[in-house]
Amino acid sequence: MPLGRLVLYARDVDATISFYEKHFGFKPLRQDGDRIVELLAPDGGANLMIHPAGKAQKMGQVLVKLVFDVEDVEAFRAKCAGNGLEFGPLHQADGYVYANAQDPCGNSISISSRAFRR
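Everything numeric in this text was worked out from a predicted model, so none of it was measured. (Residues numbered from 1 in each chain as written. Predicted model: local features only at pLDDT ≥ 70, side-chain atom pairs only at ≥ 80, totals over all residues. Heavy atoms only, no water.)

**Comments concerning the overall build of the protein**
Inference 1: When its secondary structure is counted, the protein shows 2 helices and 8 strands.
Inference 2: Secondary structure of the protein in N-to-C order comes out as β-α-β-β-β-β-α-β-β-β.
Inference 3: Its C-alpha atoms give the protein a radius of gyration of 15 Å, near enough to 13 Å, the size a compact globule of 118 residues would have.
Inference 4: In terms of its C-alpha atoms, the protein occupies a principal-axis envelope of roughly 45 × 30 × 25 Å.
Inference 5: When contacts within the protein are restricted to residue pairs at least 6 apart in sequence, those whose partners lie at least 24 apart make up 53%.
Inference 6: Carbon and sulfur atoms make up 49% of the accessible area of the protein, which amounts to about 7,400 Å² in all.
Inference 7: The average position of the 14 basic charges and that of the 14 acidic charges among the side chains of the protein differ by 5 Å. (Helix = DSSP H or I, 4+ residues; strand = E, 2+ residues; numbered from the N terminus. Rg over C-alpha atoms; globule rule 2.2 N^0.38 Å. Contact = heavy atoms within 4.5 Å. Areas by Shrake-Rupley, 256 points an atom, 1.4 Å probe, with all protein chains shown as cover. Lys, Arg positive; Asp, Glu negative; His and termini not counted. Charge placed at Lys NZ, Arg CZ, Asp CG, Glu CD.)

**Quick notes on the sheet that holds strand E5 (residues 65-69)**
Inference 1: Here 4 strands make up an open sheet; going across it, the order is E5-E8-E7-E6 and the pairing mixed. Pairing within the sheet leaves two strands with one partner each, and these edge strands are E5 and strand E6 (91-92).
Inference 2: With respect to the sheet, helix H1 (residues 13-24) is in contact with E5, strand E7 (97-102) and strand E8 (108-112), its orientation differing from that of E8 by roughly 5 degrees. (Pairing = 2+ DSSP bridges. Axes fitted to C-alpha atoms, helices over the stretch in contact; angles between N-to-C directions.)

**So, the sheet that holds strand E2 (residues 27-29)**
Sheets are built from strands paired through backbone hydrogen bonds, the pairs being either parallel or antiparallel.
Inference 1: Here we have 4 strands laid out as an open sheet, ordered E1-E4-E3-E2, and mixed in their pairing. One side of each edge strand has no neighbouring strand; the edge strands of this open sheet are strand E1 (5-10) and E2. With direction set aside, neighbouring strand axes in the sheet form an average angle of 30 degrees.

**Quick notes on the pattern of salt bridges**
Inference 1: Using the criterion set out here, one finds 2 salt bridges in the structure.
Inference 2: Between Glu38 and Arg5 there is a salt bridge, and its shortest N-O distance comes to 2.9 Å. Here Glu38, found in strand E3 (residues 37-40), pairs with Arg5, found in strand E1; they are 33 residues apart in sequence, far enough to count as distant.
Inference 3: The exposure class assigned to Glu38 is buried, which follows from its relative accessible area of 16%. (Salt bridge = Lys/Arg side-chain N within 4 Å of Asp/Glu carboxyl O. Buried < 20%, exposed > 50% of the residue type's maximum accessible area, 1.4 Å probe, protein only.)

**Re the nonpolar core**
Inference 1: Counting residues in hydrophobic clusters, the biggest one holds 27 residues, and the most contacted among them are Tyr20, Phe24, Phe87, Ile109 and Ile111.
Inference 2: Elements with a minimum of two residues in this core: E1, H1, E3, strand E4 (47-52), E5, helix H2 (73-82), E7 and E8.
Inference 3: When residues of this core are assigned to their parent elements, the largest contribution, 5 residues, is made by H1.
Inference 4: Not counting the four nearest positions on each side in its chain, Phe87 is found in contact with Phe24, Arg77, Cys80, Ala99, Asn100, Ala101, Ile109, Ser110 and Ile111. (Core = buried A, V, L, I, M, F, W, Y, C linked by side-chain atoms within 4.5 Å.)

Next comes the structure, spelled out in structure tokens:
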């Protein structure tokens, strides 16, 4: 059974939608009367559902990290920097490279070449 969607709670829904649209190519799907905006994955991966956060919810807790598969992490990191998204340093792991950042709500994200390691 494939994973279809992940829910992200956001204080600034529009900024969060713009972030994932601009940097990762997601396309927003808005339904009349629905407060959740579904972001459709560009390459058939899991969709993101952006849900308005409640006042009591804490933002940016590192309980979940979204990892985007990128073959050339260094090149993608440089492209994002040109668009205003700064990833931290490149980390060398067991046969792959990754770098970390946060979305506008403080959610942890990573770009990783793990899926492409040999």
